[in-house]
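Residue strings, one per chain:
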Amino acid sequence: MSTPASSSAALPIAHVVLRILIVLNWLMGAAILALLVVMPNEQWIMAAFKIPPSPDADRLIMGLRAVAVLGLATIPLNYVVLKRLLAIVGTVREGDPFVAANASRLQTIAWSLLALQLLSIVIGAIGKAVSTPAHPVHLDAGFSINGWLAVLLTFLLARVFAEGTLMREDLEGTV
């Protein structure tokens, strides 16, 4: 066992920020769900976006609804990432981050980040498919080199934690 972490301000701040992000994530999910349930009225959507009735308008509305549904799918994925990060921060605060549970948590985070990247590509594709010159749809979604690097680095970090845990267990067994 390692000694408890120093009194760095980063860990308590990270703990509080992650807790806040978990709440904001659920609030965002509730807001998206409310938009899907409360505003199924096409006239309201068309008025809000100043879209005249047309076949393109119907396609645009369906695309926006599809994006909202996929947005709902991101909420539990974000929750998985945030809860695992919070648990990792907890082990760091206790002074023992190199445990098998953290390797598993990082692996789960990596898979969740991969799913989020795939959803982003789908959302970006929907945005391009429904966008027209008259009504362009600009979504902050699609392929992200930084997102894919984060996925790769998280898988790699999970493996490093797993190896570090095994090495520490071997060392403790020989001492």
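Residues numbered from 1 in each chain as written. Predicted model: local features only at pLDDT ≥ 70, side-chain atom pairs only at ≥ 80, totals over all residues. Heavy atoms only, no water.

Student: What should I look at first to understand the overall build of the protein in this one?
Tutor: Looking only at helices and strands, the protein features five helices and zero strands. For the protein, the sequential pattern of α-helices and β-strands runs α-α-α-α-α. Radius of gyration (C-alpha) of the protein: 21 Å, far over the 16 Å computed for a compact globule of 175 residues. Projecting the C-alpha coordinates of the protein onto the three principal axes gives extents of approximately 75 × 25 × 25 Å. Long-range pairs, those at least 24 residues apart, make up 77% of the contacts in the protein with a sequence separation of at least 6. Accessible area of the protein: about 10700 Å², with a carbon and sulfur share of 72%. (Helix = DSSP H or I, 4+ residues; strand = E, 2+ residues; numbered from the N terminus. Rg over C-alpha atoms; globule rule 2.2 N^0.38 Å. Contact = heavy atoms within 4.5 Å. Areas by Shrake-Rupley, 256 points an atom, 1.4 Å probe, with all protein chains shown as cover.)

Student: Would you mind going over the packing of helix α1 (residues 10–38) against helix α3 (residues 55–94) with me for this structure?
Tutor: Each pair of packed helices can be described by the angle between their axes along with the distance between the axes. Between α1 and α3, the shortest axis-to-axis distance is 9 Å and the interhelical angle comes to 165 degrees. Here α3 runs roughly antiparallel to α1, going by the angle between their axes. By crossing handedness, the relation of α1 to α3 is classed as left-handed. Class assignment for the residues of the contact of α1 with α3 results in 21 nonpolar, five polar and four charged. (Axes fitted to C-alpha atoms, helices over the stretch in contact; angles between N-to-C directions. Parallel < 35°, antiparallel > 145°, perpendicular 65-115°, else oblique. Left-handed = near helix turned anticlockwise from the far one by under 90°. Nonpolar A, V, L, I, M, F, W, Y, C, P; charged D, E, K, R; others polar.)

Student: What's the story with the pattern of salt bridges in this structure? I'm lost.
Tutor: Pairing between side chains of opposite charge can happen when the charged atoms of each approach one another. Scanning all chains against the criterion turns up two salt bridges. As a salt-bridge pair, Asp96 and Arg168 come within 2.5 Å of each other at their nearest N and O atoms. Of the two residues, Asp96 sits in the loop between α3 and α4 (100–130) while Arg168 sits in helix α5 (residues 145–174), which places them 72 residues apart along the sequence. A relative accessible area of 9% places Asp96 in the buried class. Judged by its relative accessible area of 25%, Arg168 is partly exposed. With a closest N to O distance of 2.3 Å, Arg159 and Glu163 form a salt bridge. With Arg159 and Glu163 both in helix α5, this residue pair falls four residues apart, about one helical turn. (Salt bridge = Lys/Arg side-chain N within 4 Å of Asp/Glu carboxyl O. Buried < 20%, exposed > 50% of the residue type's maximum accessible area, 1.4 Å probe, protein only.)

Student: Explain a nonpolar patch on the surface here, please?
Tutor: Together, Leu118, Ile121, Phe143, Ile145, Leu149, Leu152, Leu153, Leu156, Leu157 and Val160 make up an exposed nonpolar region whose accessible area comes to about 970 Å². Those elements that provide at least two residues to the nonpolar patch are α4 and α5. Look at Leu153 and you get exposed, because its relative accessible area is 54%. (Patch = residues over 30% accessible without salt bridge, like charges linked within 9 Å, V, L, I, M, F, W, Y side chains within 5 Å.)

Student: Is there a simple way to think about the environment of Ser120 in this case?
Tutor: Summarising the element assignment, Ser120 is placed in helix α4. For the pair formed by Ser120 and Phe143, sequence separation is 23 residues and the distance between their alpha carbons is 7.0 Å. Apart from the residues within four sequence positions on either side, Ser120 is in contact with Ala141 and Gly142.

Student: What is the right way to read the side chain of Thr74 from this model?
Tutor: Examined against the element boundaries, Thr74 turns out to sit in helix α3. We classify Thr74 as buried; its relative accessible area is 16%. Setting aside chain neighbours within four positions, we find Thr74 in contact with Leu116 and Leu119.

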